[in-house]
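# Tertiary structure, described
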Amino acid sequence: MEIIPGFFMPLWSIITAISAVSAIIILIILRIFLNISFLRFCDRAFNDREAMEIFKKKYSGSKLLKRSRFIEKSAEKNGKGFIVDIGIDKLWEQQFLNYKKTGYLKKFIKYFPEKGLFFCIIAGQNKSSYQKIFQNMVSQNNDANLLKKIGAAGDGTDFDGKYTASMLEDRFQEIIELTGEAEWPVRFFAVKLLIYINKPRALRSVWEAFSDSSKKIRETVAAEFNPEDRKKLGSTLKELLLDDPCFEVRRAARLRLDKEFPELYRMDTASLAKPRLIHLLGHLHDNSDEDQNTALKFLLSEDLEVRLQAALYLQRQKVLNRIFTETKAGDRTEFERSLNLLTCACEVNCTSFLNELDHTDNPASVQLAAELLRTNSSKEYIDKLALKIFNPSTRTSMREHFDEIYKKTIESISLRGTDKALQMLNQELLSKADDGTTLDILLPLLPERGEYIFIPSLLSFLKSDDCPRPELLRKTIERFPPCMYIEELVSLLRNAGSTSHSVRKEAFKILGELKMACCLQIILENLNLLSPAERKDFASLMSVFDQEAFEDRVSGLLNSVDSTVKAALISALPSTGIKRFITEIKDSSKDPDPDVRAAGIWALAGYGEIKLLSQMTSMLRDPVERVRRETAEVIASYGTPAALLELEKIIEDENEVMPVKAAAIYGLGHSPRVESIAILVDILQNDELRQEAVQALSLKKSLNELKALIELFKDSPPQLREYIAEVFKMMGKSIEPAVITLLSEDISSLREIIAEILHKTGFIETTVRKLRHRNSLVRKNAATVLSMIQTREAFKGIVLAARDPDQDVRVEVLKAIEKLNSPDGVPILNELKEDPDRRVRKFTLWAMERIDAKNLNE
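The paragraphs below set out a description of the structure included in this document. Note that this is a predicted model, so its numbers are computed, not measured. (Residues numbered from 1 in each chain as written. Predicted model: local features only at pLDDT ≥ 70, side-chain atom pairs only at ≥ 80, totals over all residues. Heavy atoms only, no water.)

### What about the pattern of salt bridges?
Worth spelling out the cut-off: One speaks of a salt bridge when a side-chain nitrogen belonging to Lys or Arg is within 4 Å of a carboxyl oxygen belonging to Asp or Glu. Exposure categories follow from relative accessible area, calculated using a 1.4 Å probe and restricted to protein chains: below 20% of the type maximum is buried, above 50% is exposed, and the middle band is partly exposed. By definition, any uninterrupted DSSP run of H or I lasting at least four residues is a helix, any uninterrupted run of E lasting at least two residues is a strand, and each is numbered from the N terminus.
What the rule picks out here adds up to 38 salt bridges. Residue D143 is joined to K149 by a salt bridge in which the shortest nitrogen-to-oxygen separation is 2.6 Å. The exposure class assigned to D143 is partly exposed, which follows from its relative accessible area of 23%. Residue classification places K149 among the partly exposed positions, given a relative accessible area of 36%. Close ionic contact of K509 with E534 constitutes a salt bridge, the shortest N to O distance being 3.0 Å. Of the two residues, K509 is situated in helix α33 (residues 501-514) and E534 in helix α35 (residues 532-539); the sequence distance between them amounts to 25 residues. The network of salt bridges with common partners includes R474, K475, E506 and E513.

Here it is, written out as structure tokens:
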């Protein structure tokens, strides 16, 4: 296409050019539109508070800086207050202070001239053009308050006082007058200049500035004032360090003292009042062994304010961290000292040293944490401690001290642990379900506040037949709100087919021990889950229920058809102390169920109805053996002496059948009365009843019963002795402690008899063999017992132990040999001297030589 004669362009090029020009025009129009819209938005923001808030949210930071030109246009219309309202003046200030660009300085000089002059002071030392601007504007300005306005515009910002003073020295009078202004930024500006003006009035004003109400001014003079009177300056700085309430001022004084007056920093802390001591401790030196020792001393102070300052310093110096990580587990004294120091720090809430828990495997450190976290510090540390302690590898690495650390950790979690720590504790609990020793620690410490975490786990233990600590488990569950588990307990009681007897019994015990009135019927109907002995103990819990309701429920159940429920209830009633049902209990002897009849006879005994018991001998002829036996046992145990004679008469009655006689003998065997022993010994001579009598006598194992039996043994003819010896043999090892106790009483009339009994039962041979036991304590005890028996067989064993390697055993042997130094001992020695065993003969001669030597010395 020919655009100009002789000049041709392709059509597509023409279209492209036109499009580009159009796009540029559109962009220009759009930019103009946006700028106009922004200016209108500025106007709305200036006049409308809500629009201003929207404006600030939409434009901030770099977006606002890019529109500085338009904001200035709006400010020309709306006033410079708009610049302050939207905060762009702070952005300009930041840009100038960071980059020292002249454009931003000009904006301040235009809109905020005093602020601009202050910026000239800040930047003028490095840029002469700014210094010229400052000097020209100050010299041309006739405002008498110009310096005051410049100081106020500085708003306490630090600047080079020496440099500025050199430019304003000719306006000294104005500067001096500024020290009396009410606004502290103005006074600060003046004092900063006067520090570097060497005139008496300036010097006086600066000395007075040490007492200025502004901490910034006091800090400045403490750091920069350099008068000729060094002694006064040092004294003033010391007073600031000890008495000034502002930390920054004290810090400036301390730094100046360190640098120029180190001798003044060393002070006698004992003479300082508490506020002064607190200030001094707050400014101890870094990396100073002397100051660290001072802080450790005051960390133990009873005064918490003093202690806090010491703890803050020690924490800052990482001293507490070192104490925590470097304490040795084997040194108990060091451990207690470290625990005391760290406890004092924790009591004033300085606990960040516990962060080291993540980085140490020192058993002492972990133990310290476990102790401290029970009462102090952030709970997040308990999470860290739990994670470490519940790790199986920790138990291995801390084997020696683990048990104590473990318990303290559980206590910390229980007292103050987070939900996370409680969850970890629950997992630990589940992993130790079969470990009775660990459950002894865990179960009592489970906190009630974690019921929603622990109850499901505890119920899973309850449903297990092999929980190693059932009683402790019950007590633990009972500490938690019943609403969390009562439905589950009732369900276990009702599901007899799928739940074991032991589990149902434990569930029943929990229900009863909770003593809830709403469970009375359930408790009474399930008493049969307990053994008779358990029912007696359990019945005392029922005294808390309303007596009228209790008696009404009991009456109904005693008239019910279920013999199991009736028998269990009857056996439990005596422990309640309620005697209303004695008539029903007496009538139970005629009940068709043997369990009810047996329960009735025991219940009468429980109520102390001795006369009624004496009338119940007819039950000895009950068709069921266990009823006969239990009747006899009750009569023999609780009846009158006449009742025992009645049993003896039944046994001697030639017309009585054997089952009845056997039941009477069984009852006598369970009688606590000593008279029953003589009756049973007489029965030993009856061939038909001897075996039952031997079994009954073998139950007589108390000290008094054994003494009575031995007395009867002593006075019995040989054949009867043999029968009684059978009784002792049947008793077995269980009576040995009681027999040894009788020997130790040294009753001469019984000793030979006891020795004979022990010989017949094989006890002496067994004890002699113990003289060769590996454990020296066992050998010593054996020698002691043999020396009390004092028979030939006993002394034969003793003389063989004369060369025992253990001194305690040899001492017992010598004591025993000394007992042979008597007329009764000579025949024993003569017999041992002729013993077939060469070693026995050898040591017997040795023993006789010792006896002869002792006799000569005496």
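Let's pick the thread back up.
### Description of helix α32 (residues 486-494)
Selection rule: Our arc is simply the arc of the directions from the helix axis toward the C-beta atoms. Should any heavy atoms of two residues lie within 4.5 Å, those residues are counted as being in contact.
For α32, the full list of buried residues reads L489, V490, L492 and L493. Projected down its long axis, α32 shows its buried positions confined to an angular sector of 160°, all on one face. Seen from the buried face of α32, the exposed residues on the opposite side, beyond 90 degrees, are E487 and R494. Residues of α32 that are buried make contact with α30 (451-462), α33 and α34 (520-525).

### Brief notes about a positive patch on the surface
Let me state the cut-off plainly: Exposure above 30% relative accessible area and no salt bridge define the residues that can form patches, which grow by joining like charges within 9 Å and nonpolar side chains of Val, Leu, Ile, Met, Phe, Trp and Tyr within 5 Å. Note on areas: these come from Shrake-Rupley sampling with a 1.4 Å probe, and a residue is covered only by the protein chains present in the view. Only four residue types enter the charge count, namely Lys and Arg as positive and Asp and Glu as negative; His and the chain termini do not. Where a charge lies is defined by one atom per residue type: Lys uses NZ, Arg uses CZ, Asp uses CG and Glu uses CD.
A cluster of like positive charges, contributed by R40, R44, K58, K63 and K66, occupies part of the molecular surface. For the positive patch, the elements supplying multiple residues, two or more each, are α1 (11-47) and α3 (62-66). Residue placement: K66 occurs in helix α3.

### Describing helix α27 (residues 402-416)
Cut-off, in case you're wondering: Residue count minus one, scaled by 1.5 Å, sets the expected span of a helix.
Helix length check: α27 (15 residues) gives 21 Å between terminal C-alpha atoms against 21 Å at 1.5 Å per residue, within 8%. For α27, the complete set of buried residues consists of F402, I405, Y406, K408, T409, I410, E411, S412, I413, S414 and R416. Turning to α27, the residues buried within the fold contact α24 (363-372), α25 (380-389), α26 (392-397), α28 (419-431) and α29 (436-445).

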